[in-house]
Amino acid sequence: MKTVKTFATVLFMTGFLSTGAFAQTDKKTDSKMDKMELKDHKCTKACTKDKHMYAHGEKGHVCGDACKKMEKKGKM
């Protein structure tokens, strides 16, 4: 019986100590796009009447892999 109590205590303590790792569920977004104020879109030569080409920092722009790579390099 003592072994069962010891095992339960160790199991409880392990669960209690590991809850800190599980408590951090919200994702950290360290993106500059989240922090910067977005500007209104201004059409360029790249825009057509069917599709707009939103620049980085404009409302409607969605960052893709290219933006993320540029952001990591510090060019944005």
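Residues numbered from 1 in each chain as written. Predicted model: local features only at pLDDT ≥ 70, side-chain atom pairs only at ≥ 80, totals over all residues. Heavy atoms only, no water.

This brings us to the overall build of the protein. For the protein, the count of helices and strands is 3 helices and 0 strands. Within the span of the protein, comprising 76 residues, buried residues form 11% of the whole. Residue pairs at least 24 apart in sequence account for 21% of intrachain contacts in the protein once pairs closer than 6 positions are excluded. Split by element, the accessible area of the protein, about 7300 Å² in all, is 61% carbon and sulfur. (Helix = DSSP H or I, 4+ residues; strand = E, 2+ residues; numbered from the N terminus. Buried < 20%, exposed > 50% of the residue type's maximum accessible area, 1.4 Å probe, protein only. Contact = heavy atoms within 4.5 Å. Areas by Shrake-Rupley, 256 points an atom, 1.4 Å probe, with all protein chains shown as cover.)

In a structure, side chains of opposite charge can pair up when their charged atoms sit close to one another. Under the counting rule described, the total for this entry stands at 1 salt bridge. With its nearest N and O atoms 3.2 Å apart, the salt bridge here joins Asp40 to Lys59. Of this pair, Asp40 sits in the loop between helix 2 (32-35) and helix 3 (65-73) while Lys59 sits in the loop between helix 2 and helix 3, and the two are 19 residues apart along the sequence. For Asp40, a relative accessible area of 54% gives the class exposed. Under the relative-accessibility criterion, Lys59 is labelled partly exposed at 46%. (Salt bridge = Lys/Arg side-chain N within 4 Å of Asp/Glu carboxyl O.)

Don't take any of this as a statement about function, it's just geometry.
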